Amino acid sequence: MPLLEVKNLKTYFDTSSGEYKAVDGAGFELDYGEALGLVGESGCGKTTCALSIAKLLPKEGRVAGGEILMEGIDILKLSDDEIRAKRWKEVSIIFQGAMNALNPVMMVGDQIAEAIVLHEKVRREEALRRAGDLFELVEMPRKRIVNYPHEFSGGMKQRAMIAMALACNPKIVIGDEPTTALDVMVQAQILNLLEKLRHELNMGLILITHDLSILGETCDKIAVMYGGKVVETGTVKDIFEHTAHPYTERLISCFPNISKGKVIPEGIKGTPPNMFDPPAGCSFHPRCHMAKEVCRYMEPDAEKISEKHLSACHFFREVMNGE
Amino acid sequence: MGNRIIAEVKDLKVHFEIKKSLSKDLFGSSKRNLKAVDGVSFQIKEGEILSLVGESGCGKTTTGKAVLGLVKPTEGKVFFSGEEIKSLDKGSMKQFRQKAQMIFQDPYQSINPREIIMDIVAEPLEVNRLVKSEEERTERVREALEQAGLVPAEDFFFRYPHELSGGQRQRVVIASAIIMKPDFIVADEPVSMLDASIRTEILNLMMDLRKHNRLAYLFITHDLSLAWLVSDRIAIMYLGRIMEIGGADEIIQRGLHPYTKALTSIMPVPGVRRKAGRKVLPGETPNPMDEIRGCKFSGRCPMAEPLCREQDPELAEISLGHCVACHFVQK
């Protein structure tokens, strides 16, 4: 049984201008100790997916369909109290703006201890000791738990956020653009740290990013999202070397590659779909250079190419043959 | 690329004085200087693209601003088309302001949300009193928008920024820079707020403009692979200094400075993992307010020896056009 299984997830937002289909039929799997990269342009539904899994959707949002199975249990069917008991212990999220997520007038160690005390029946002293252990786990000196956030650099704050996410030994950690606001060298440090931790703690890691190029080094699997759907999923090798969806292909080409020629790629013309009223058929067809008549009215199913490799494109064979 | 040097800085230093708090004033702690830029020299030729690459706080933006005369150098000289900008008279200064433009990072913040696109793009013309009639104004705006790839231009005239996507907004920013027909643009992280798919469109636009208008760019970025993709030459900055400067391919493939090597080793490549050879430096960039003896990079350098902590290496030419500031490379 996989650790996490998301099946045909639909998450909609009720707004004054109608129903916004942020996630509209996304699915993927995650195993213990495995790292999955969730990648796509802004507005493709990556973060909404994460918030649905952690049950942290704002009140306008609701899961309109699908299943989220965590060790076989559908968490969508659980009550709020049952969820509260599970959150942090089962799933925790590291958000993008680490700098803004910490309370500026509280010692960092206390903030971590607070999370522990809230979820487990331990005394504050014990929780603080664990906060110190967590600091060491994320490669920071134990004595820094008494510091305030302003005494930390951006990279250290992000490490503290990771420590906090690990406070209750979660089985799944979701990093929502955890390195986007950081410098390149610090980004590399944090990614190394996350990779080390997931191996040591055997936890599932979901890394959400718009930067496809960092996934090859940190993840085992990649799910490419477009218009609220997972359009292609597979191992890192599948995605990069046996690409089977035109969107994935174009997205990869958008990143500079020093082993390829020094040519600025064309990019992807057009804009992502309006999810108030997504296009009929395949949602990528208005921007797809391979689109044919069938793409305009028929939504492609996810086709199995190999054990872990799926693509939702009518013409995935042509894409794979480089046509 | 021409041979005419369009912009040049010589031993540029920009130091900011840090205001003391009252308590520090009372207890008499000494005045502190933040050496944002501390001895930088380079030239940019007509139609050339030079990238300044470095982490936050390395002084790349401050250098860019100093080149445009937007911050005053503490020491050193800035030249534009052979003339020192400090000594320009009022008329030449006005000319300079038109010929050298800047593009900022965030198109959500750098344009006025309460003006229509027409007024945003026409503003530089009006400030400089360059148009005489309404027709001329409209014509110039149309031309700039079309060059920036916003076609048909009429569709954009009366729209507000919030009606545009991020990529379109950045095109508006570019249109209002090129409406002055500049020779030189400082582009400060012009695409780092944009999605990868839109990023390449904006880069292609910038390259087209250089081809057609012989524009030179100072391209400021933290992304080394992006710098490699667009520029002729790359300068690697660290704590207010240039550590290495040379041809873009040279720097990426045969970079010599330990800092350059570390940066190139962690450059993300879209593809299957490539773990070996990654040199992730421990620690973070030191506070630029702290005095560092010797080489500025010595605190994080894997090769540092006692000499590095005492003597600051000069930026010396290793081969034609390729300069490195490191004791060990020069040996």
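Residues numbered from 1 in each chain as written. Chains lettered and ligands numbered in written order. Predicted model: local features only at pLDDT ≥ 70, side-chain atom pairs only at ≥ 80, totals over all residues. Heavy atoms only, no water.

1. A look at the overall build of chain B
Part 1 of the reasoning: Scanning chain B for helices and strands turns up 13 helices and 12 strands.
Part 2 of the reasoning: Against the 2.2 N^0.38 benchmark of 20 Å for 331 residues, chain B shows a C-alpha radius of gyration of 21 Å, consistent with a compact globule.
Part 3 of the reasoning: Judged by the C-alpha coordinates and their principal axes, chain B covers about 70 × 60 × 40 Å.
Part 4 of the reasoning: A burial count over chain B gives 52% of its 331 residues as buried.
Part 5 of the reasoning: Sequence-distant contacts, at least 24 apart, represent 66% of the contacts inside chain B between residues at least 6 apart.
Part 6 of the reasoning: Counting every atom, chain B has about 15,300 Å² of accessible surface; 50% of that belongs to carbon and sulfur.
Part 7 of the reasoning: Taken together, the 47 basic and 45 acidic charged side chains of chain B have centroids lying 5 Å from each other. (Helix = DSSP H or I, 4+ residues; strand = E, 2+ residues; numbered from the N terminus. Rg over C-alpha atoms; globule rule 2.2 N^0.38 Å. Buried < 20%, exposed > 50% of the residue type's maximum accessible area, 1.4 Å probe, protein only. Contact = heavy atoms within 4.5 Å. Areas by Shrake-Rupley, 256 points an atom, 1.4 Å probe, with all protein chains shown as cover. Lys, Arg positive; Asp, Glu negative; His and termini not counted. Charge placed at Lys NZ, Arg CZ, Asp CG, Glu CD.)

2. Here we look at the packing of aromatic side chains
Part 1 of the reasoning: Evaluated as defined, the whole model comprises 11 aromatic pairs over all chains.
Part 2 of the reasoning: Plain terms: the ring middles of Phe80(B) and Phe96(B) are 5.0 Å apart, the flat faces sit at 65° to each other, and that makes the pair edge-to-face. Note that Phe80(B) is positioned in strand S4 (residues 75-80) and Phe96(B) in helix H3 (residues 90-99), a separation of 16 residues in sequence. You'll find Phe80(B) and Phe96(B) in the same group, each marked buried.
Part 3 of the reasoning: Above the plane of the ring of Tyr12(A) lies Lys21(A), whose end atom (NZ or CZ) is 5.9 Å from the centre.
Part 4 of the reasoning: Lys292(A) extends its terminal NZ or CZ atom over the ring of Phe315(A), reaching a point 4.6 Å from the ring centre. (Phe/Tyr/Trp six-rings, centres within 6.5 Å; stacked < 30°, edge-to-face > 60°. Lys NZ or Arg CZ within 6 Å of the ring centre and 35° of its normal.)

3. Some remarks on the sheet that holds strand S6 (residues 100-103) of chain B
Residues and elements named next belong to chain B.
Part 1 of the reasoning: Ordered in space as S6-S7-S8-S3-S9-S10-S12-S11, the eight strands form an open sheet in which the pairing is mixed. Because the sheet does not close on itself, it has two edges, and the strands there are S6 and strand S11 (316-319). Within this sheet the neighbouring strands show an average axis-to-axis angle of 20°, counted without direction.
Part 2 of the reasoning: In this sheet, strand S12 (residues 322-324) lies alongside S11 in antiparallel orientation, the contact comprising three bridges. Residue Ala316 lies in a different strand from S12, and its bridge partner there is Val324.
Part 3 of the reasoning: Lying on the sheet, helix H2 (residues 60-67) is in contact with strand S3 (49-53), S6, strand S7 (184-188), strand S8 (216-221) and strand S9 (233-238); it crosses S8 at an angle near 155°.
Part 4 of the reasoning: Set on the sheet, helix H11 (residues 258-265) makes contact with S9 and strand S10 (241-247); between it and S9 the angle comes to about 105°. (Pairing = 2+ DSSP bridges. Axes fitted to C-alpha atoms, helices over the stretch in contact; angles between N-to-C directions.)

4. Examining the confidence of the model for chain B
All names here are of chain B.
Part 1 of the reasoning: For chain B, mean pLDDT is 90; residues scoring 70 or higher make up 94% of the total.
Part 2 of the reasoning: Predicted confidence in chain B is weakest over helix H1 (residues 22-26), with a mean pLDDT of 63, and strongest over S3, with 97.
Part 3 of the reasoning: For this predicted complex, the interface score ipTM comes out at 0.86, alongside a pTM of 0.89. (pLDDT = per-residue confidence, 0-100.)

5. What to know about the sheet that holds strand S5 (residues 73-74) of chain A
All names here are of chain A.
Part 1 of the reasoning: Pairing in this open sheet of four strands is antiparallel, and the strands run S2-S1-S4-S5 from one edge to the other. Both edges of this open sheet fall to strand S2 (18-30) and S5, since each of them pairs with a single strand only.
Part 2 of the reasoning: In terms of strand pairing, strand S1 (residues 4-15) meets strand S4 (residues 61-70) through eight bridges, oriented antiparallel. Its bridge partner being in S4, Thr11 is matched across the sheet by Val63.
Part 3 of the reasoning: Across the face of the sheet, helix H1 (residues 46-53) comes into contact with S1, S2 and S4 while running at roughly 110° to S1.

6. Let's talk about the pattern of salt bridges
All names here are of chain A.
Part 1 of the reasoning: Applying the stated criterion to the full structure yields 45 salt bridges over all chains.
Part 2 of the reasoning: Two residues, Arg62 and Asp14, come together in a salt bridge whose shortest N-O distance is 3.1 Å. Placement of Arg62 in strand S4 and of Asp14 in strand S1 is noted, with a sequence separation of 48 residues between them.
Part 3 of the reasoning: When its relative accessible area of 40% is taken as the criterion, Asp14 is described as partly exposed.
Part 4 of the reasoning: Put simply, Lys221 and Glu34 hold a salt bridge, and the shortest N to O gap is 3.3 Å. Of this pair, Lys221 sits in strand S9 (residues 221-226) while Glu34 sits in the loop between S2 and strand S3 (35-39), placing them 187 residues apart in sequence. When sorted by exposure, Lys221 lands in the same class as Glu34, which is buried.
Part 5 of the reasoning: Connected through shared salt-bridge partners, Glu126, Arg129, Asp133, Glu136 and Arg142 make up one network. (Salt bridge = Lys/Arg side-chain N within 4 Å of Asp/Glu carboxyl O.)

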